[in-house]
Amino acid sequence: MKKLWGILLVILLSPQIVKAQISFDPGEGCLNVVDFTAGKGFGESGSNSIAAKYVHERFINEQFSVGAGVGYSYLNSYHFSAIPLFFSTHYFFLDQRFTPFVNLRAGVYWAIGAESIQSGVNLYVAPSAGLKVHITPHIGILASVGYDGYLVKALDSVKNDYQTKIASGLGISVGLCFQIPGW
């Protein structure tokens, strides 16, 4: 009889054990994301780019998190590096192992090594959409497609004046997301 109760208990608890292994737990710490992006420029002022970013977000509930991040990007067409500092938010459509998500990053960046653009603080925005896949209860992979936009004041050699443009690109990102319990 004890064996039957034990089997019944395992069967009843199995869905809870599986659920615990397929999504982040808001009470178990923050969402951390390290991602790498390769982008192709488009439009008249588009720029190919490569980037690496780190995001630290706090869960509001099982599907929504907000926080901040920092990164490094190199914009090939304008020959400069950017250090963006931004607010970030993720919304996961499902609280499951595989789930689509949307992300918005907005903030400022500092240009480094810029010769043909004005240096200083400028605006940065990067919306994206993708898929999250959990590997373990606290580690997952994010894959997304997104837009990166950098507001630049670039030197127009014909007019010999600075023109405001958006250095934009469509990029593919792959990242590791993890949760450090208790942090």
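Residues numbered from 1 in each chain as written. Predicted model: local features only at pLDDT ≥ 70, side-chain atom pairs only at ≥ 80, totals over all residues. Heavy atoms only, no water.

1. A short note on the overall build of the protein
- In terms of regular secondary structure, the protein is built from one helix and eight strands.
- The linear arrangement of helices and strands in the protein, starting from the amino end, is α-β-β-β-β-β-β-β-β.
- Taking as baseline every contact in the protein between residues at least 6 positions apart, the subset at least 24 positions apart corresponds to 58%.
- On the protein, roughly 10,200 Å² of surface is accessible, and the fraction owed to carbon and sulfur atoms is 68%. (Helix = DSSP H or I, 4+ residues; strand = E, 2+ residues; numbered from the N terminus. Contact = heavy atoms within 4.5 Å. Areas by Shrake-Rupley, 256 points an atom, 1.4 Å probe, with all protein chains shown as cover.)

2. Side note on the sheet that holds strand 1 (residues 31-41)
- Strand order in this closed barrel of eight strands is 1-2-3-4-5-6-7-8, and the pairing throughout is antiparallel. Here the strands of the sheet are splayed against their neighbours by 25° on average, with no regard to which way each runs.
- Across twelve bridges, strand 4 (residues 80-92) lies against strand 5 (residues 98-112) in antiparallel orientation. Within strand 5, the residue paired with proline 84 across the bridge is tyrosine 109. (Pairing = 2+ DSSP bridges. Axes fitted to C-alpha atoms, helices over the stretch in contact; angles between N-to-C directions.)

3. Section: the environment of alanine 143
- On the secondary structure map, alanine 143 appears in strand 7 (residues 139-156).
- For alanine 143, a relative accessible area of 35% gives the class partly exposed.
- Remark: the alpha-carbon pair of alanine 143 and phenylalanine 36, spanning 107 residues in sequence, is separated by 9.8 Å.
- Contacts of alanine 143, omitting those with residues within four sequence positions, involve Phe101, Gly130, Leu131 and Ser173. (Buried < 20%, exposed > 50% of the residue type's maximum accessible area, 1.4 Å probe, protein only.)

4. Section: the pattern of salt bridges
- All chains considered together, the criterion is met by two salt bridges.
- We note a salt bridge from arginine 105 to aspartate 35, for which the minimum N-O separation is 2.9 Å. Of this pair, arginine 105 sits in strand 5 while aspartate 35 sits in strand 1; the two residues are 70 residues apart in sequence, bridging distant segments of the chain. (Salt bridge = Lys/Arg side-chain N within 4 Å of Asp/Glu carboxyl O.)

5. Quick word on unusual backbone geometry
- Unusually for a residue other than glycine, histidine 79 sits at a positive phi of about 55°.
- Within the element layout of this structure, histidine 79 appears in the loop between strand 3 (64-75) and strand 4.
- Histidine 79 gets classed as exposed once you look at its relative accessible area, which sits at 52%.

6. Focus: the side chain of arginine 105
- The buried category is assigned to arginine 105, whose relative accessible area is 7%.
- A polar contact is formed between the side chain of arginine 105 and the side chain of aspartate 35, at a distance of 2.9 Å.
- Among the polar contacts made by the side chain of arginine 105, one reaches the side chain of asparagine 103 at a distance of 3.1 Å.
- Excluding anything up to four places from it in sequence, arginine 105 contacts Asp35, Lys53, Val55, Phe86, Phe87, Ser88, Tyr124, Val125 and Ala126. (Polar contact = N/O pair within 3.5 Å; in protein donor to acceptor, adjacent residues only side chain to side chain.)

7. Things to note about the side chain of serine 81
- Tracing the chain through its elements places serine 81 in strand 4.
- Since its relative accessible area comes to 11%, serine 81 is described here as buried.
- A polar atom in the side chain of serine 81 sits 2.7 Å from the side chain of tyrosine 72.
- Residues within four places of serine 81 in sequence aside, it is in contact with Tyr72, Ser73, Tyr74, Trp110, Ala111 and Ile112.

8. A look at a nonpolar patch on the surface
- A cluster of nonpolar side chains, Phe42, Ile135, Ile139, Ile141, Val145, Leu170, Ile172, Val174 and Leu176, forms an exposed patch at the surface whose accessible area comes to about 790 Å².
- Those elements that provide at least two residues to the nonpolar patch are strand 7 and strand 8 (161-179).
- It is strand 8 that contributes the most residues to the nonpolar patch, four residues altogether.
- Structurally, phenylalanine 42 can be placed in the loop between strand 1 and strand 2 (49-59). (Patch = residues over 30% accessible without salt bridge, like charges linked within 9 Å, V, L, I, M, F, W, Y side chains within 5 Å.)

None of this, on its own, says anything about what the molecule does.
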